[in-house]
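Inside the fold
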Amino acid sequence: MTHLHIETPLFVSRPLTLRSGKEIWLKFESMQPTGSFKLRGIGQVCQSAVRQGAQRIISSSGGNAGIAAAYAGRVLSVPVVVVVPKTTTQRAKRLIQNEGAEVIVHGTSWQEANTLALSMLTETDCFIHPFDDPLLWQGHATMIDEIAVAGIKPEAIVLSVGGGGLLCGVIEGLQRNNWADMPIIAVETEGAASYAASVREGHLVELAAINSIATSLGARQVCRQAYRWSQTYPIKSVVVSDTTAVAACEQFIEDHQVLVEPACGAALATVYDRVPELSSYSSVLIIVCGGATSTLAQLQQWSQDLAK
Ligand SMILES: *Cc1c(COP(=O)(O)O)cnc(C)c1O
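Now for a look at the structure at hand. All values reported here derive from a predicted model rather than from experimental measurement.

Considered for burial, the residues of helix H7 (residues 142-149) that qualify are Thr 142, Met 143, Ile 144, Glu 146 and Ile 147. Immediately downstream of H7, the backbone of Gly 151 shows phi near 75 degrees, a positive value.

Okay, here's the thing in structure tokens:
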């Protein structure tokens, strides 16, 4: 087996193109077997670790990274332990368990779960970092290889930023395909905008707390490499509201019959909400990063609550 992820669909969205007056390409990472792009990088990290003799995979993500780690372990026939905090939803725990992984619930925050996960590590374990790992970025970069092979060259790329792993992976992909001049629009939600805060302050900023429903964007600090890129690569930082992100998820179901998390709705919202940062481009590609942890009922509930 060469890799664990699949090649995802890539096409021009007619509804988004009509709405924006620009050519809008979509790269459907939501179609990965685990529902998000995370499988690209995490698949690569796990595969390489198992090749080098790792006998167990350990993760502390109750989100899409944990699901991808669990999937990778099942396919590679290696046991997986995912330590998650009490706040992790039943749905996320079930998705991880459905892959045959063991879920341990510990602590009230990710920090506590992560501390326990790290304390369990032995020499034959592979620890999965959800966003800060150069090998992970190489795996994420394969989505750009697929776009280049398809012969499609948009004027700009829109993506969401949590800890910045997707951002680093996409830039790596652009560089290795000699597209290192293609601008990136990096989108976060208010309350999870750790990248925007670092760019604004001129140094790596750690947010005191996360206050957004887009939990997959909820890294209090982006990785150092993401911040470094902000100083050398053409990246425009955009922050949208939770309300806008959820509305984009709902409209995307109407337009493409695909349900994504608000973390992904944030990127889609740049088109639905016509943010000025896109105004100078006539052709844009959005990474539909996906996300498996939201349900339709949950989206509708958020939409109601945010309208209050
Ligand atoms: C992980 C994730 C993100 C953010 O990716 P980072 O690499 O942490 O920046 C965005 N959307 C979804 C659905 C995710 O799973």
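If you walk across this open sheet you meet the 4 strands as E5-E4-E3-E6, and the pairing is parallel. What marks the edges here is a single partner per strand, and that holds for strand E5 (102-105) and strand E6 (125-127). Across the sheet, the mean angle separating the axes of adjacent strands is 20 degrees when strand polarity is ignored. Where strand E3 (residues 56-59) and E6 come together, 3 bridges link them in parallel fashion. Among the inter-strand pairings, Ile 57 is bridged to a residue of E6, identified as Cys 126.

This part is about the packing of helix H9 (residues 194-201) against helix H10 (residues 224-232). Where H9 meets H10, the axes come as close as 10 Å, and the angle between the chain directions of the two elements is 50 degrees. Judged by the angle between their axes, H9 and H10 are oblique. The chirality of how H9 crosses H10 is right-handed. For the pair formed by H9 and H10, the contact residues are Tyr 195, Ser 198 and Val 199 on the first element and Ala 226, Tyr 227 and Ser 230 on the second. Considered class by class, the residues forming the contact of H9 with H10 number 4 nonpolar, 2 polar and no charged.

Here we take up the pairing of strand E2 (residues 23-28). Most of E2 is tucked away, with 5 of its 6 residues classed as buried. Pairing geometry for E2 and strand E10 (residues 283-288), over 6 bridges, is parallel. Among the inter-strand pairings, Phe 28 is bridged to a residue of E10, identified as Val 288.

Before going further, it helps to examine the sheet that holds strand E9 (residues 235-240). Across the sheet, which stays open at both edges, the 6 strands sit in the order E1-E2-E10-E7-E8-E9 with mixed pairing between neighbours. Edge positions in the sheet fall to strand E1 (10-12) and E9, since each has one partner strand and no second. Between one strand and the next, the sheet's axes are offset by a mean angle of 25 degrees, whatever the strand orientation. Helix-sheet contacts for H7 involve E1, E2, strand E7 (156-160) and E10, and the interaxial angle to E2 is about 130 degrees.

The next subject is the pairing of E10. For E10, the buried fraction is high: 6 of the 6 residues fall into the buried class. The alternating pattern of E10 places Ser 283, Leu 285 and Ile 287 and Val 284, Ile 286 and Val 288 on opposite faces, both of which are buried. Pairing between E7 and E10: 3 bridges, direction parallel. Counterpart to Ile 157 in the pairing with E10 is Leu 285.

All told, the structure shown has 3 aromatic pairs when counted by the stated rule. Here the aromatic rings of Trp 229 and Tyr 233 are separated by 6.2 Å at their centres, their planes lie at 85 degrees, and the arrangement is edge-to-face. The exposure class assigned to Trp 229 is buried, which follows from its relative accessible area of 16%. Exposure remark for Tyr 233: the relative accessible area of 5% places this residue in the buried category. Among the aromatic residues, those joined into a cluster by ring pairs are Phe 11, Phe 28 and Phe 252.

Conventions and cut-offs
- Residues numbered from 1 in each chain as written.
- Predicted model: local features only at pLDDT ≥ 70, side-chain atom pairs only at ≥ 80, totals over all residues.
- Heavy atoms only, no water.
- Buried < 20%, exposed > 50% of the residue type's maximum accessible area, 1.4 Å probe, protein only.
- Helix = DSSP H or I, 4+ residues; strand = E, 2+ residues; numbered from the N terminus.
- Pairing = 2+ DSSP bridges.
- Axes fitted to C-alpha atoms, helices over the stretch in contact; angles between N-to-C directions.
- Parallel < 35°, antiparallel > 145°, perpendicular 65-115°, else oblique.
- Left-handed = near helix turned anticlockwise from the far one by under 90°.
- Contact = heavy atoms within 4.5 Å.
- Nonpolar A, V, L, I, M, F, W, Y, C, P; charged D, E, K, R; others polar.
- Phe/Tyr/Trp six-rings, centres within 6.5 Å; stacked < 30°, edge-to-face > 60°.

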